[in-house]
2 protein chains.
Amino acid sequence: MIQVAVLGYGTVGSGVVEVIETNKAVINKKAGTELNIKYILDLRDFPGDPYEDKVVHDFNMILEDPEVTVICETMGGIDPAYTFSKKALLAGKSVCTSNKELVANHGSELIQLAKENHCNYLFEASVGGGIPIIRPLNYSLTAEKLDAITGILNGTTNYILTKMEEDGADFADVLKEAQEKGYAERKPEADVEGYDACRKIAILSSLMKGKTVNYEKIYTEGITKITSADFIYAKKMKRSVKLLAMSKGTEDGFFAMVAPFMIPEEHPLFNVKGVFNAVYVHGNMLGDSMYYGRGAGKLPTASAVVSDIVDCARHPGKTIMCFWDAEQVELMDIADTKRRFFVRVKAEKKEEAAAAFSSIEEVNAGLTEEFAFVTDVMTEKEFDEKIASIGGSINRIRLEN
Amino acid sequence: MIQVAVLGYGTVGSGVVEVIETNKAVINKKAGTELNIKYILDLRDFPGDPYEDKVVHDFNMILEDPEVTVICETMGGIDPAYTFSKKALLAGKSVCTSNKELVANHGSELIQLAKENHCNYLFEASVGGGIPIIRPLNYSLTAEKLDAITGILNGTTNYILTKMEEDGADFADVLKEAQEKGYAERKPEADVEGYDACRKIAILSSLMKGKTVNYEKIYTEGITKITSADFIYAKKMKRSVKLLAMSKGTEDGFFAMVAPFMIPEEHPLFNVKGVFNAVYVHGNMLGDSMYYGRGAGKLPTASAVVSDIVDCARHPGKTIMCFWDAEQVELMDIADTKRRFFVRVKAEKKEEAAAAFSSIEEVNAGLTEEFAFVTDVMTEKEFDEKIASIGGSINRIRLEN
């Protein structure tokens, strides 16, 4: 029997308890042993809850109980999750987490600590919710040199963009509606400014490189400037606007970024709609592969945490291989990365724009007060200079493929 | 160091050698040890080949060499692959295979043999080529009760259907072109009649149930009856025709089948085009997830075989958990499964058809000589009886979702 402690009885934590209870038979079979929730750590009490008697308020009770070998850290945030995770690993207890913030900040250190203490620090649920992506990267694509990961990693922004596309609505209105429905937080910055996706692509990129990709160095741009007019053009171009989190090896170096992109309808991420997430991985032998599913939500995320517990149960006293060193990956300056841009300028700037951007492709969607076009491939720096030289744009969105 | 023998130096076998050579550094890092190809078994000689001196013709040389711990069976077919695999496993040598035929026929037995001899029988490459799907089912979705798998599991037929859709061409013409391009075999039955997809869904279904789903009992229908007219209707209905391999738990029982289906454009498999494959999995906690990539081809398939070798290297003397018992899963008679049907009958049968199928939805695509419609949900048996009562149809295609 594996005695498990759950830290944080919120959405994901209570989901973990529910998944283990609901799928008991199949989970115990897959784990090769019985999983038992021994403690639930929370500041609150839960009178009337069926797990009421497992709730404790002192982490040390868990830490000092030698029976507990696996800890689910579903608290979120850096502190005290970081301290608790370190103490647990130092005591040889494996930690399974959904905490992308903590993994992005301290992943390599906690993985190293797990190794030194013959246990595991697993974080399948930290990216893509219920989509198996960490484990495929670590266990399945082991014969590949991976050179690109492109993901739709945030369900809230994908829901908003999908609604904008389908209803022709503007960002602010859809955000409000999403907040009312509970699909967006009252403080939506972490999602709509791309910060959440940034942490997640940092984690995936670190696993791809085997070294640390510092999320603070990843260029991040949210979706707040995307308007209904942009979608009118996108439709005309048979494209969609998606918030992509990507990292790529190019001949000029390795870059990572989060930003809205226009992608064509043939792109496998084109049909990833609503709250769904997907991760697109490119390897030198396999070519493209994609992983798709629910990127958030209580039960999908909890299912991923429990799959980590099962993995711990299958590897008692053994550290499952995971390559993520402390050494930092050098990232290209985003200004030096190259791509095409979709640009909207005021109608009267048409000739100026055509002169500044030698070769352009006009996009006419019937909006007479503006002139819209797609540029050639150029560096971000070059683009910024040219667009500044004509006094800026109404909006610009990068093109992918 | 892990000494590897490759059985069969054909497309996949030579791909295995190429992948190990090309990605040596990353593979050895992920394996935690060096992989070395010690033998290549083939009936032929390969003068001038860089691996010429590793080629042997006698399997016993491999079997009797205690240094060899992992064998890649990339021969295909039942014999002698079956005999060689059994002997290898009995000698405690792990076997990694791309041989769907053998896995579908003897999977549970060979897995059991591996367990008894503390080694592994791994077959990631047998389904979906380079798409990681076996390992996600076995290692990632361990907290799920899986109730449905729906896949596009054959690249040749998907290529043909995609070309028919895009070019408005007929089956025979596209098949001919595909054969000329090498995308289809000269004897195309295994692909176009659905036999290949049938083996693959048998393997996935067996892993889903943990028991054997006998491929001989899976209802299998190919794509040879699909015509360009069907695609005219499909377009009108905003649907596509795909050869789906599926297995599902329903309230009436568990069924598995391979057949062409019309799927709507919102369906995640709608955009799976050309030679790409995808597998759509439904679990009770996670909901839907999908795995997409190249379903065939030398290097993608070889990459999957090598990922299995890496897994063997990571688990020396240990059998990785895999649940697939010999006990057979009872399958529902396909006649009792329920769905909607798209049907084309001659124009003069319009009234008769409307009378036989109480509630129908006409599909008018401008083909005046026929009357096309979609039925209500009904059992296959009920549908067959009704359609027989009006003297048959020009064609009928099942609807999914």
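Residues numbered from 1 in each chain as written. Chains lettered and ligands numbered in written order. Predicted model: local features only at pLDDT ≥ 70, side-chain atom pairs only at ≥ 80, totals over all residues. Heavy atoms only, no water.

### A word on the packing of aromatic side chains
All names here are of chain A.
- What the rule picks out here adds up to 24 aromatic pairs over all chains.
- Seen in terms of ring centroids, Phe276 and Tyr292 are 5.0 Å apart; in terms of plane orientation they differ by 5°. Their pairing is stacked. In this pair, Phe276 sits in strand β11 (residues 276–283) while Tyr292 sits in strand β12 (residues 287–294), placing the two residues 16 residues apart along the sequence.
- A relative accessible area of 5% means that Tyr292 is categorised as buried.
- Every member of this aromatic cluster is reached through a ring pair, and the members are Phe341, Phe357, Phe371, Phe373 and Phe383.
- Sitting over the ring of Phe254, Lys209 keeps its end group 4.4 Å from the ring centre. (Phe/Tyr/Trp six-rings, centres within 6.5 Å; stacked < 30°, edge-to-face > 60°. Helix = DSSP H or I, 4+ residues; strand = E, 2+ residues; numbered from the N terminus. Buried < 20%, exposed > 50% of the residue type's maximum accessible area, 1.4 Å probe, protein only. Lys NZ or Arg CZ within 6 Å of the ring centre and 35° of its normal.)

### A short note on the layout of surface pockets
- Empty space within the largest pocket amounts to approximately 1500 Å³.
- Taken together, 44 residues line the largest pocket, and the ones lying closest to its centre are Glu265(A), Phe270(A), Asn271(A), Glu265(B) and Phe270(B).
- Here the lining of the largest pocket gets 5 residues from one element, more than from any other, and that element is helix α11 (residues 228–236) of chain B.
- Considered class by class, the residues forming the lining of the largest pocket number 17 nonpolar, 10 polar and 17 charged.
- There is about 1200 Å³ of room inside the second largest pocket.
- Residue assignment for the lining of the second largest pocket shows that the elements contributing at least two residues are α1 (11–22), α5 (100–116), α7 (155–167), α9 (189–192), α10 (195–209) and α12 (298–314) of chain B.
- Per element, the largest residue contribution to the lining of the second largest pocket is 4 residues, and it comes from α10(B).
- Looking at the lining of the second largest pocket residue by residue, the class counts come to 11 nonpolar, 18 polar and 10 charged. (1 Å grid on protein atoms, 1.4 Å probe; cavity = no way out; pocket = protein on both sides within 12 Å on 5 of 7 lines; lining within 4 Å. Points joined across faces, edges and corners; volume = space filled by probe spheres on them. Nonpolar A, V, L, I, M, F, W, Y, C, P; charged D, E, K, R; others polar.)

### As for the domain arrangement of chain A
Residues and elements named next belong to chain A.
- With domains assigned, chain A is organised as domain 1 (2–129 + 298–314), domain 2 (137–293) and domain 3 (334–399).
- If you average the C-alpha positions of domain 1 and of domain 2, the two centres end up 28 Å apart.
- With 11 residues of domain 1 in contact, the opposing surface of domain 2 contributes 11 residues.
- Both faces combined, the contact of domain 1 with domain 2 buries some 970 Å², and carbon together with sulfur accounts for 66% of it.
- Ranking the residues of domain 1 by area buried against domain 2 places Lys100, Ala104 and Val127 at the top, with a combined share of 49%. (Domains from an automatic or database assignment. Contact = heavy atoms within 4.5 Å. Buried area = accessible area lost by both parts, 1.4 Å probe.)

### Observations regarding empty space enclosed by the protein
All names here are of chain A.
- Considering all chains together, one arrives at 7 cavities of 30 Å³ or more under this definition.
- A volume near 140 Å³ is recorded for the largest cavity.
- What lines the largest cavity is a set of 17 residues, and nearest its centre among them are Tyr121, Leu122, Asn138, Tyr139 and Cys322.
- Of all the elements in the fold, those that place two or more residues in the lining of the largest cavity are α5 (100–116), β6 (121–122) and α6 (134–140).
- The element contributing the most residues to the lining of the largest cavity is α6, with 4 residues.

### Observations concerning the pairing of strand β5 (residues 94–97) of chain A
Residues and elements named next belong to chain A.
- Burial along β5 is two-sided: the residues Ser94 and Cys96 and Val95 and Thr97 are all buried.
- After leaving strand β4 (residues 68–73), the chain enters helix α4 (residues 81–90) and then returns to the sheet as β5, a path that is right-handed.
- With 2 bridges joining them, β5 and β6 adopt parallel strand pairing. Each residue of the ladder has a partner; that of Val95, found in β6, is Tyr121. (Right-handed = clockwise from strand over helix to strand, strands pointing away. Pairing = 2+ DSSP bridges.)

### Observations concerning the confidence of the model for chain A
- Summing up the model confidence of chain A, the mean pLDDT is 96 and the portion of residues at 70 or higher is 100%.
- Our summary of model confidence lists the complex with pTM equal to 0.96 and ipTM equal to 0.94. (pLDDT = per-residue confidence, 0-100.)

### Topic: the sheet that holds strand β2 (residues 35–41) of chain B
Residue and element names in this part refer to chain B.
- Read from one edge to the other, the open sheet built from 6 strands follows the order β3-β2-β1-β4-β5-β6, with strand pairing classed as parallel. Edge positions in the open sheet fall to β3 (55–56) and β6 (121–122), since each of these has one partner strand only.
- Across 5 bridges, the pairing between strand β1 (residues 2–7) and strand β4 (residues 68–73) is parallel. Counterpart to Val6 in the pairing with β4 is Cys72.
- Along the sheet, α12 contacts β1, β2, β4, β5 (94–97) and β6; its crossing angle with β5, the most-contacted strand, is approximately 160°. (Axes fitted to C-alpha atoms, helices over the stretch in contact; angles between N-to-C directions.)

### Examining the packing of α1(B) against α12(B)
Residue and element names in this part refer to chain B.
- Two elements in contact, α1 and α12, have axes separated by 8 Å at closest approach and are oriented at 65°. One finds that α1 runs roughly perpendicular with respect to α12. Seen along the crossing, α1 lies across α12 with a hand that is right-handed. On α12, the residues that touch Thr11, Val12, Ser14, Gly15, Val16, Glu18, Val19 and Ile20 of α1 are Lys298, Leu299, Thr301, Ala302, Ser303, Val305, Val306 and Ile309.
- Across the contact of α1 with α12, the residue classes tally to 9 nonpolar, 5 polar and 2 charged. (Parallel < 35°, antiparallel > 145°, perpendicular 65-115°, else oblique. Left-handed = near helix turned anticlockwise from the far one by under 90°.)

### Focus: the relation of the copies chain A and chain B
- It takes a turn of 180° to lay chain A on chain B, together with a shift of 0.0 Å along the axis; the resulting RMSD is 0.0 Å. Such a combination of rotation and displacement between the chain copies is what one expects of a two-fold axis. Looking at the rotation axis and the C-alpha trace of chain A, the residue lying nearest is Tyr291(A), at 2.4 Å.
- When the interface residues of chain A are mapped onto chain B, 100% of them again fall at the interface, so both copies present the same face. (Least-squares fit on C-alpha atoms with pLDDT ≥ 70 in both.)

### A word on the sheet that holds strand β3 (residues 55–56) of chain A
Residue and element names in this part refer to chain A.
- Read across the sheet, 6 strands follow the order β3-β2-β1-β4-β5-β6 without closing on themselves; strand pairing throughout is parallel. In this open sheet, the two edge strands, each paired with only one partner strand, are β3 and β6.
- For β4 and β5, the ladder comprises 4 bridges, and the chain directions are parallel. The residue of β5 that forms the bridge with Cys72 is Cys96.

### So, the pattern of salt bridges
- Taken as a whole and assessed by the stated rule, the structure comprises 52 salt bridges over all chains.
- With its nearest N and O atoms 2.9 Å apart, the salt bridge here joins Asp42(A) to Arg44(A).
- Where Glu221(B) meets Arg396(B), a salt bridge forms, and the shortest distance between an N and an O atom there is 3.1 Å. Within this pair, whereas Glu221(B) is found in the loop between β8 (219–220) and α11, its partner Arg396(B) is found in strand β18 (residues 395–399), the two being separated by 175 residues in sequence. The pair Glu221(B) / Arg396(B) is uniform in exposure class, with both members buried. (Salt bridge = Lys/Arg side-chain N within 4 Å of Asp/Glu carboxyl O.)

### Focus: unusual backbone geometry
All names here are of chain A.
- The omega angle of the peptide bond from Asp79 to Pro80 is 5°, so this bond is cis rather than trans.
- Here Pro80 is to be found in the loop between β4 and α4.
- Unusually for a residue other than glycine, Lys238 sits at a positive phi of about 55°.
- If you trace the backbone, Lys238 turns up in the loop between α11 (228–236) and β9 (239–250).

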